[in-house]
Amino acid sequence: MSDEIMKRIQKISALLLCLLTLAGTLALPVRAQEAPDLTKPVFLTVHHVYHESGRDIPLSGVKFSVYLVARMGEGGALTPEPAFAGGVTGNSAADWQKTLDAITPAMLKKASPVDQAKTDKNGDAVFPSDTSVTLTPGVYYIPDTKTEKNGWVYTTSPFLVSLPNYFEDKWVYAQEANAKSSREGTETDIKVIKVWKDSCHPERRPKSITVDLLCDGEKYDTVTLPQ
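Cut-offs used in this document
Residues numbered from 1 in each chain as written. Predicted model: local features only at pLDDT ≥ 70, side-chain atom pairs only at ≥ 80, totals over all residues. Heavy atoms only, no water. Patch = residues over 30% accessible without salt bridge, like charges linked within 9 Å, V, L, I, M, F, W, Y side chains within 5 Å. Areas by Shrake-Rupley, 256 points an atom, 1.4 Å probe, with all protein chains shown as cover. Salt bridge = Lys/Arg side-chain N within 4 Å of Asp/Glu carboxyl O. Helix = DSSP H or I, 4+ residues; strand = E, 2+ residues; numbered from the N terminus. Pairing = 2+ DSSP bridges. Axes fitted to C-alpha atoms, helices over the stretch in contact; angles between N-to-C directions. Buried < 20%, exposed > 50% of the residue type's maximum accessible area, 1.4 Å probe, protein only. Contact = heavy atoms within 4.5 Å.

In this section: a nonpolar patch on the surface. A contiguous nonpolar surface patch, about 400 Å² in accessible area, is contributed by Ile190, Val192, Leu213 and Tyr220. Summarising the element assignment, isoleucine 190 is placed in the loop between strand 15 (181-185) and strand 16 (208-215).

Here's what the structure looks like:
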């Protein structure tokens, strides 16, 4: 047998070996996601802290409610609660956003919060709120909140949370969530009185003056007062 034929046979053998190796790799089963232990208790802590430049402002005394949207079954499958039927679409981030957008005030009227808790001095609301309440494994909806404090109105956005939650290849049964907070100043009426101290010489007065309204040392609004 010539050297050229031997080289061809060796190349074909090497190619077949590569194909067999690749086929063996593709045939390996993918490890299934570990099923949650539905007998374990689940917990939720909601943090309500407004982050201002250079400091954090915890909001205490704010009531948060939690609604059970879907129960979690064997393997993590979700079954929507009757009030939220048709709203739960899946487990991906896009599906969760669709679910969040699909929840309406009419749905919430048909349901009742399974638990309520107020934030402590650190801005934390802990669920269950006491030993008489048990949270069912599943997906929960936390509505928006609004509270006024020190001349500001603090608002949180509604969100969903899974109890337990699958994170970094394991199920987390004590979940923590940061409420997305925003704030704006409360509306109030401020009266400005202009008093001239010029020995009654109106001809010397300017046609108008400008007044700046400061909030926490920063200019909030400007008005022009005529003569």
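Here the focus is the sheet that holds strand 7 (residues 124-127). One open sheet accounts for three strands, arranged 7-1-14; its pairing is mixed. Edge positions in the sheet fall to strand 7 and strand 14 (174-178), since each has one partner strand and no second. Looking at each pair of strands side by side, their axes are set apart by 15° on average, direction ignored. Bridging between strand 1 (residues 43-47) and strand 14 involves five bridges; their strand directions are parallel.

A word on the side chain of histidine 47. Inspection of the secondary structure assignment puts histidine 47 in strand 1. Judged by its relative accessible area of 17%, histidine 47 falls in the buried class. If we skip the residues at most four places from it in the chain, histidine 47 touches Gly123, Asp124, Glu176, Ala177, Asn178 and Ala179.

Here the focus is the sheet that holds strand 10 (residues 152-156). Neighbouring strands of a sheet are bound in pairs by backbone hydrogen bonds; such pairs are parallel or else antiparallel. As summarised here, the arrangement of the three strands in space is 9-10-15, forming an open sheet in which the pairing is antiparallel. Looking at which strands have only one partner, the edges of the open sheet turn out to be strand 9 (145-149) and strand 15. The mean inter-strand angle of the sheet, taken between neighbouring strand axes irrespective of direction, is 20°. Where strand 10 meets strand 15, five bridges bridge the pair, whose relative direction is antiparallel. In the sheet register, tryptophan 152 faces strand 15, and the bridge partner there is glycine 185.

Moving on to the pairing of strand 2 (residues 49-52). Across four bridges, strand 2 lies against strand 3 (residues 55-58) in antiparallel orientation. Counted as the bridge partner of valine 49 is proline 58 from strand 3. The turn joining strand 2 and strand 3, which pair antiparallel and follow one another in sequence, is formed by two residues; a positive phi near 90° is taken by glycine 54.

Relative to the helices and strands, lysine 98 resides in helix 2 (residues 93-102). Taking the relative accessible area as the measure of exposure, lysine 98 reaches 52% and is therefore exposed. Sequence separation between lysine 98 and valine 88 is 10 residues; the distance between their C-alpha atoms is 7.9 Å.

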